[in-house]
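Residue-level structural notes
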Amino acid sequence: MADLFIDGQWVAGAKGLTREIYCPADGSLVGVVDEATRQDTELAIRAARLAFDDGRWSTVSATERGAFLNRVADLLERDSEVIATAEARDTGKRIIEARYDVGDIVSSFRWFAGLANTNQGRIVEPGATGVFSRVAYEPVGVCGLITPWNYPLLQAAWKVAPALAAGNTFVIKPSELTPHTTIRLMKVLAEAGLPDGVANLVLGAGAEAGAPLSDHPDVDMVSFTGGVITGRRIMAAAAGTVKKVALELGGKNPNIIFADADLDAAIDNAATAIFLHSGQVCSAGARLIVEESIHDLVVDRVVAIAESIRLGGPFDPDAESGALISSDHRAKVDAYVQRGVAEGAVLRCGGKAPDGAEFADGYYYLPTVLDGCNTAMSCVQDESFGPVLTVETFSDEAEAIALGNDTIYGLAGAVWTNDLNRAQRVANALRHGTIWINDYHPYRPSAEWGGFKQSGVGRELGIAGFAEYVEPKHIYQNLSPAPSGWFAGAESPDA
């Protein structure tokens, strides 16, 4: 079966191009998928444009749209193990992590299903008698959705669910490395009864298949999750047609531990914050910022955890962390580590691919800790997107806050302390979109997700995440129209 989904039909690309998808854990062939050209993406945009303009989805009641999203959630739950397996094979992540992802995906669809019928507008104070004034929220139109390889279906859900809840049509392009679960999502949407043309899927590299989603005049908004360099290009391309833009561009996230914290919990979570999914998480706690007096204790124990982590493939029951996404990405992570060492960071553990025949066919990299770091180093400022933790120290609360904010990014961060007032002060002072206190990584579909500074523009999830997919319209109705009397010449000649 062909793999592009355009106007309700599964089709091959116009040029007959295909791409082989390999599991990064062992190099095995996962599948061969069709690849789109710009021509294919423009056809998908045309289908989405027609579907929006004729109202086949936008005129469906919000209640029905919400019921539809709940049906999608039911079908995803039904297929959860198949989806988790496909996600694990595409990304190389452990199957247990992929199963958690599917649960979060279902929760996202259910959250936006519930929101669909609760944000229908508001009455505005008229400011005069005989006036009815209201603000309506209408779908933005055709949405271009571009998703990353680390959480392929979860990031798709964060975009597709609110887009459909608001009444939009869309074209989605997943990462060319991890397409299979997005293909399955399209099948689920069709099975649930979505009209043809509302949801469209193109596959392939961004420069060819994805570029029209940013620059085409028939696309009304583009939502992208990925790296900051690509995000800047998308923003620039979208400027030509002044389309709405939502960008989530990663982070360099501080994890601050004060001496009075519950150190057992803080140390355990510090390891999870960076080594979960081999550090390939936009909100990973890649910067460990520790009070000077507990530096040795904390870092020694984090290093011990890092050295004990067992690497392995998605279906290895003993594995605690998996492979990186590709050979190229592993090379970038290693170059990042070597630059850090050259700048003066102390390599405490890791810093290379693991030895052993069982790792020879995958793209593994040992959990790595770089100690003795400071904010002048590239390893502190640049995002590695790998299992690499940098360590900095501070002497007081003001310095901890200054270090935490010394980054071009502002996605997430954490503070560990048993002083409740200090916890709130530091959380308020950190310029990041999500702050955890005495925890790391949990999120809720009902809470906004996104960043300050160069971590992006706009939000996903929560009410603000829904708002990205609507346009407010003020409708002012004068119930007793009369001449304004502003211009004398406008008087009736019979007056």
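Scroll up to find the structure this text is about.
Quick caveat: nothing in here was measured; it's all calculated off a predicted structure.

What follows deals with the packing of aromatic side chains. Scanning the entire structure with this criterion turns up 10 aromatic pairs. Between Trp57 and Phe68, the aromatic rings sit 5.3 Å apart at their centres with planes inclined by 70°, giving edge-to-face as the arrangement. Taken together, the residues Trp57 in the loop between α1 (38–53) and α2 (62–78) and Phe68 in helix α2 connect sequence positions 11 residues apart. Comparing Trp57 with Phe68, the two get one shared label, buried. Here the aromatic residues Trp158, Trp436, Tyr440, Tyr443 and Trp449 are joined through ring pairs into a cluster of three or more.

One open sheet holds the three strands; their spatial order is β5-β6-β20, and the pairing between them is antiparallel. What marks the edges here is a single partner per strand, and that holds for β5 (122–123) and β20 (470–478). In the sheet, strand β6 (residues 131–139) pairs with β20 via nine bridges, with the strands oriented antiparallel. Each residue of the ladder has a partner; that of Ser133, found in β20, is Tyr476.

What follows deals with unusual backbone geometry. One non-glycine residue, Asp7, lies in the positive phi region at around 55°. Checked against the element boundaries, Asp7 lands in the loop between β1 (4–6) and β2 (9–11). Assessed through its relative accessible area of 36%, Asp7 is described here as partly exposed. Not every positive phi belongs to a glycine, and Lys453 is a case in point at roughly 50°. Tracing the backbone through its elements, the reader meets Lys453 in the loop between β18 (434–437) and β19 (456–457). Overall, the relative accessible area of 39% leaves Lys453 in the partly exposed class.

Our next topic: the pattern of salt bridges. Considering all chains together, one arrives at 25 salt bridges under this definition. Note that Arg38 and Glu42 form a salt bridge whose closest N and O atoms lie 3.0 Å from each other. Taken together, the residues span about one helical turn, with Arg38 and Glu42 both in helix α1 at a distance of four residues. Arg56 is paired through a salt bridge with Asp54; the nearest N and O atoms lie 2.6 Å apart. We classify Arg56 as partly exposed; its relative accessible area is 30%. Given the relative accessible area of 46%, Asp54 is considered partly exposed. Beyond isolated ion pairs, a larger network of salt bridges with shared partners links Asp260, Glu397, Arg422 and Arg425.

What follows covers the pairing of strand β16 (residues 388–394). The buried fraction of β16 is high, at six of seven residues. Bridge count between strand β13 (residues 287–291) and β16: five bridges; the pairing is parallel. Across the sheet, Glu291 pairs through a bridge with Phe394, a residue of β16. Relative to β16, strand β15 (residues 368–371) is paired through three bridges, and the arrangement is parallel. For Thr368, the partnering residue across the bridge sits in β16 and is Val388.

So, about the packing of helix α5 (residues 152–166) against helix α6 (residues 180–192). The contact between α5 and α6 brings their axes to 10 Å, and the two run at 35°. Regarding α5 and α6, the two cross each other, and that crossing is right-handed. Here Pro152, Leu153, Ala156, Val160 and Leu164 of α5 come into contact with α6, specifically with Thr181, Thr182, Leu185 and Leu189. Considered class by class, the residues forming the contact of α5 with α6 number seven nonpolar, two polar and no charged.

Let's shift gears to the sheet that holds β15. Here we have seven strands laid out as an open sheet, ordered β14-β15-β16-β13-β12-β17-β18, and mixed in their pairing. Whereas interior strands pair on both sides, the edge strands pair on one side only; in this sheet they are β14 (346–349) and β18. Mean inter-strand twist for the sheet, computed between neighbouring axes without regard to direction, equals 20°. As judged from the three bridges shared by strand β12 (residues 254–257) and strand β17 (residues 412–416), these two strands associate in the parallel manner. Bridging from a neighbouring strand, Ile256 pairs with Val415 of β17. Running over the sheet, helix α10 (residues 263–275) touches β12, β13, β15, β16 and β17 and is turned about 170° from β12. This element, helix α14 (residues 397–405), spans β12, β13 and β16 of the sheet and lies at about 145° to β16.

Moving on, we get to the nonpolar core. Counting residues in each nonpolar core, the largest one holds 126 residues, and the members touching the most others are Phe109, Leu164, Phe170 and Leu189. No other element matches the 11 residues that α5 contributes to this core.

With 16 residues, α1 extends 22 Å between its outermost C-alpha atoms, agreeing within 8% with the 22 Å of an ideal straight helix rising 1.5 Å per residue. When we look at burial in α1, the residues that qualify are Asp40, Thr41, Ala44, Ile45, Ala47, Ala48, Arg49, Ala51 and Phe52.

Criteria and cut-off values
Residues numbered from 1 in each chain as written. Predicted model: local features only at pLDDT ≥ 70, side-chain atom pairs only at ≥ 80, totals over all residues. Heavy atoms only, no water. Phe/Tyr/Trp six-rings, centres within 6.5 Å; stacked < 30°, edge-to-face > 60°. Helix = DSSP H or I, 4+ residues; strand = E, 2+ residues; numbered from the N terminus. Buried < 20%, exposed > 50% of the residue type's maximum accessible area, 1.4 Å probe, protein only. Pairing = 2+ DSSP bridges. Salt bridge = Lys/Arg side-chain N within 4 Å of Asp/Glu carboxyl O. Axes fitted to C-alpha atoms, helices over the stretch in contact; angles between N-to-C directions. Left-handed = near helix turned anticlockwise from the far one by under 90°. Contact = heavy atoms within 4.5 Å. Nonpolar A, V, L, I, M, F, W, Y, C, P; charged D, E, K, R; others polar. Core = buried A, V, L, I, M, F, W, Y, C linked by side-chain atoms within 4.5 Å. Expected span 1.5 Å × (residues − 1).

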